[in-house]
Amino acid sequence: MNIDKKIVDDLVANDVSFVTTVPCKQLAGVIEEVDQRPEIFHIPSNKEDEGMGLCAGAFMGGKRPAIIMQNTAIGVTINTLATLTQFYRMPLPMIISYRGELREPVACQVEMAVHTKALLEQMLIPTYHFHWQKDVEEFDNILKYTFMANKPVAILTDANFWGGYGDQ
Amino acid sequence: MIRSEILKEIAPILKDQLIVCNIGIPSQELHAIMDQPSNFYMLGTMGLASSIGLGLALAQPKTVISIDGDGSILTNLGTLPTIGNNCPSNYILMIIDNGSYGSTGDQPTYTGRKTDLAGMARAAGCDNVVEVQDVDCGKALQEAIDAQNGTVLVVKCDSGNAKMPVITMDPVVIRHRFMEAVKA
Ligand SMILES: Cc1ncc(C[n+]2csc(CCOP(=O)(O)OP(=O)(O)O)c2C)c(N)n1
Ligand SMILES: [Mg+2]
């Protein structure tokens, strides 16, 4: 199974047509896939809170948005999640690379990994963790759940899910 | 002129336009001067008015005006390249540059010293950047609306705030009536 393609197929099937991204090495394939789909307007942002602002605007303009980012960005976006996305009750699927987990080669990534789930829990953000490739089968339901609930929802995707780091 | 005087003067131009308004006293002033369903008031999240407005302009065809502040642009400077490289023709970013963080007591920002926001917007790739003095704001804004070419408008004015009540409207109500206005 090509998980990049599966994720973007599910986005398109759920009418997600506005996607903003800040790259992570693990997300390179899915970002490339997003960029190639004519059904999706892809707008790279420079910082993830900026991206969430773009998504809030797109949502109010009638589009279904999504953000693709690294888990370190949870540290960047807490205020925006609380005072914009949650306060105004807006849906936002967050496809997050979960760096600093098993098979991580870069020690510094662990420092935010150990806070990631605790922060999401503190924010009462529904959180799903994809560790095995087959976990992606839930993605379609998670998207439906997000737009039903009008909340930000986190999908943490770790290195094992993406098949490790190759030759890095 | 201070911000509230500018807002009073341009109120007739803002009528029925989709507006995303900066956090704090700017939103309180706009709310007191001319509340309307097509005003989206930011109650928090300093810095994102320009991003919300851009996302909205990209998602639908109506003109969108973000009323932002110098301090908020400085805190989200990444917004300028994103606007410069994606700016739809229906988007106007109007920065009320009073050289200060107005809502928190007019502490000076760097735009009151050496920093030039219009120059930064141009360098970021924004094609239509206009800088005007407060008295010329209305004329410049109307021209930007008529031109439909995606404009960044920097309005230089004095620091100072009008005393207006806090917005007590529920955020979901603000958002809902705004979305109804977008669809109308
Ligand atoms: C992250 C964060 N830091 C600080 C504040 C406090 N704050 C609210 S409004 C504001 C000033 C904004 O200044 P500007 O955008 O220039 O608008 P003005 O009121 O001057 O028109 C500040 C510092 C905040 N709300 N959020
Ligand atoms: Mg200011």
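For clarity, every value in this text was computed on a predicted model and none was experimentally measured.

Q: Summarise the overall build of chain A; cite the residues concerned and give the values.
A: Helix and strand counts for chain A come out as seven helices and six strands. Secondary structure of chain A in N-to-C order comes out as α-β-α-β-α-β-α-β-α-β-α-β-α. Relative to its 168 residues, chain A shows a buried fraction of 57%. Looking at chain A alone, contacts between residues at least 24 apart form 78% of all its contacts between residues at least 6 apart. When the accessible surface of chain A is split by element, carbon and sulfur atoms take 52% of a total near 6900 Å². Placing the 14 positive and 21 negative side-chain charges of chain A at their respective mean positions leaves the two points 4 Å apart.

Q: Give me the overall build of chain B: which residues, what numbers.
A: Within chain B, the secondary structure is distributed over eight helices and eight strands. On C-alpha atoms alone, chain B measures out to a radius of gyration of 15 Å, which is about the 16 Å that the 2.2 N^0.38 rule sets for 184 residues. Viewed in the frame of its principal axes, chain B has a C-alpha envelope of about 40 × 35 × 30 Å. Residue burial in chain B is summarised as follows: out of 184 residues, 60% are buried.

Q: Requested: an account of the pairing of strand E1 (residues 18-21) of chain B, with residues and values cited.
A: Residues and elements named next belong to chain B. Neither face of E1 is open: one carries Leu-18 and Val-20, the other Ile-19 and Cys-21, and all of them are buried. Inspection of the sheet shows E1 paired to strand E2 (residues 39-41) by three bridges, in the parallel sense. In the sheet register, Cys-21 faces E2, and the bridge partner there is Tyr-41. Since E1 and E2 lie parallel, the crossover through helix H2 (residues 25-34) that links them has a hand, and here it is right-handed.

Q: Describe the nonpolar core, and please don't skip the residues or the numbers.
A: Considering soluble globular proteins, one finds that nonpolar side chains tend to be buried as a cluster. Among the nonpolar cores identified, the biggest contains 68 residues, and Phe-40 and Leu-141 of chain B are the most heavily contacted of them. Filtering out sequence-adjacent residues up to four positions away, Leu-141 of chain B remains in contact with Ile-10, Ile-13, Leu-14, Ile-65, Ile-92, Met-94 and Leu-153 of chain B. Core analysis: the next-biggest nonpolar cluster, separate from the first, contains 25 residues, Val-19, Phe-147, Val-153 and Ile-155 of chain A among them.

Q: Requested: an account of the pattern of salt bridges, with residues and values cited.
A: All names here are of chain A. Applying the stated criterion to the full structure yields 13 salt bridges over all chains. Between Arg-37 and Asp-9 there is a salt bridge whose closest N-O contact spans 2.9 Å. Highlighted residues: Arg-37 in the loop between helix H2 (28-36) and strand E2 (41-44) and Asp-9 in helix H1 (residues 3-13), separated in sequence by 28 residues. Here Arg-37 falls in the buried class, since its relative accessible area comes to 13%. The partner of Arg-37 in a salt bridge is Glu-33, and the shortest N-O contact between them spans 2.9 Å. For the residue pair Arg-37 and Glu-33, the accessibility class agrees, reading buried in each case. Among the ionic contacts, a cluster of salt bridges with common partners joins Lys-5, Asp-9, Glu-33 and Arg-37.

Q: Quick rundown of the pairing of strand E3 (residues 64-70) of chain A? Include the residues and the values.
A: Residues and elements named next belong to chain A. Of all seven residues in E3, six are buried; the element is thus mostly enclosed. As defined by bridge partners, E3 adjoins strand E4 (residues 92-98) across four bridges and the pair is classed as parallel. Bridge pairing links Met-69 to Ile-96 in E4. Since E3 and E4 lie parallel, the crossover through helix H4 (residues 74-86) that links them has a hand, and here it is right-handed.

Q: I'd like to hear about the state of the cysteines, residue by residue, with values.
A: All names here are of chain B. Throughout the structure, instances matching the rule amount to zero disulfides over all chains. The thiol of Cys-126 is unpaired, and the distance to the nearest cysteine sulfur, on Cys-87, comes to 6.6 Å. Here Cys-137 stays unpaired: no disulfide links it, and the sulfur of Cys-157, its closest cysteine neighbor, is 8.6 Å away.

Q: Any details on the packing of aromatic side chains? Residues and values, ideally.
A: Residue and element names in this part refer to chain A. On inspection of all chains with the given rule, the structure shows seven aromatic pairs over all chains. With a centroid separation of 5.8 Å and 35 degrees between ring planes, the pair formed by Phe-18 and Phe-41 is classed as tilted. Of this pair, Phe-18 sits in strand E1 (residues 16-21) while Phe-41 sits in strand E2, and the two are 23 residues apart along the sequence. According to the relative accessible area criterion, Phe-18 is buried, its value standing at 1%. Measuring from centroid to centroid gives 5.4 Å for Phe-130 and Phe-161, while their planes differ by 50 degrees, and the two rings are tilted. Taken together, the residues span a long stretch of sequence, with Phe-130 in strand E5 (residues 127-130) and Phe-161 in helix H7 (residues 159-162) at a distance of 31 residues. Phe-161 shares its class with Phe-130; the two are buried.

Q: I'd like to hear about the coordination of the magnesium ion (ligand 2), residue by residue, with values.
A: Residues and elements named next belong to chain B. Those donors, Asp-70 (OD), Asn-98 (OD1) and Ser-100 (O), are the protein atoms that reach the magnesium ion (ligand 2), and they lie 2.1 Å from it. All donors to the magnesium ion (ligand 2) come from one chain, and their sequence spacing reads D-x27-N-x1-S. Linking Asp-70 in helix H4 (residues 70-75) with Asn-98 in the loop between strand E4 (91-97) and strand E5 (100-101), this pair joins segments that are 28 residues apart in sequence. Judged on exposure class, the residue Asp-70 and its partner Asn-98 are both buried.

What counts and how
- Residues numbered from 1 in each chain as written.
- Chains lettered and ligands numbered in written order.
- Predicted model: local features only at pLDDT ≥ 70, side-chain atom pairs only at ≥ 80, totals over all residues.
- Heavy atoms only, no water.
- Helix = DSSP H or I, 4+ residues; strand = E, 2+ residues; numbered from the N terminus.
- Buried < 20%, exposed > 50% of the residue type's maximum accessible area, 1.4 Å probe, protein only.
- Contact = heavy atoms within 4.5 Å.
- Areas by Shrake-Rupley, 256 points an atom, 1.4 Å probe, with all protein chains shown as cover.
- Lys, Arg positive; Asp, Glu negative; His and termini not counted.
- Charge placed at Lys NZ, Arg CZ, Asp CG, Glu CD.
- Rg over C-alpha atoms; globule rule 2.2 N^0.38 Å.
- Pairing = 2+ DSSP bridges.
- Right-handed = clockwise from strand over helix to strand, strands pointing away.
- Core = buried A, V, L, I, M, F, W, Y, C linked by side-chain atoms within 4.5 Å.
- Salt bridge = Lys/Arg side-chain N within 4 Å of Asp/Glu carboxyl O.
- Disulfide = S-S within 2.5 Å.
- Phe/Tyr/Trp six-rings, centres within 6.5 Å; stacked < 30°, edge-to-face > 60°.
- Donors = N, O, S within 2.8 Å, 3.2 Å for Na, K, Ca; no water.

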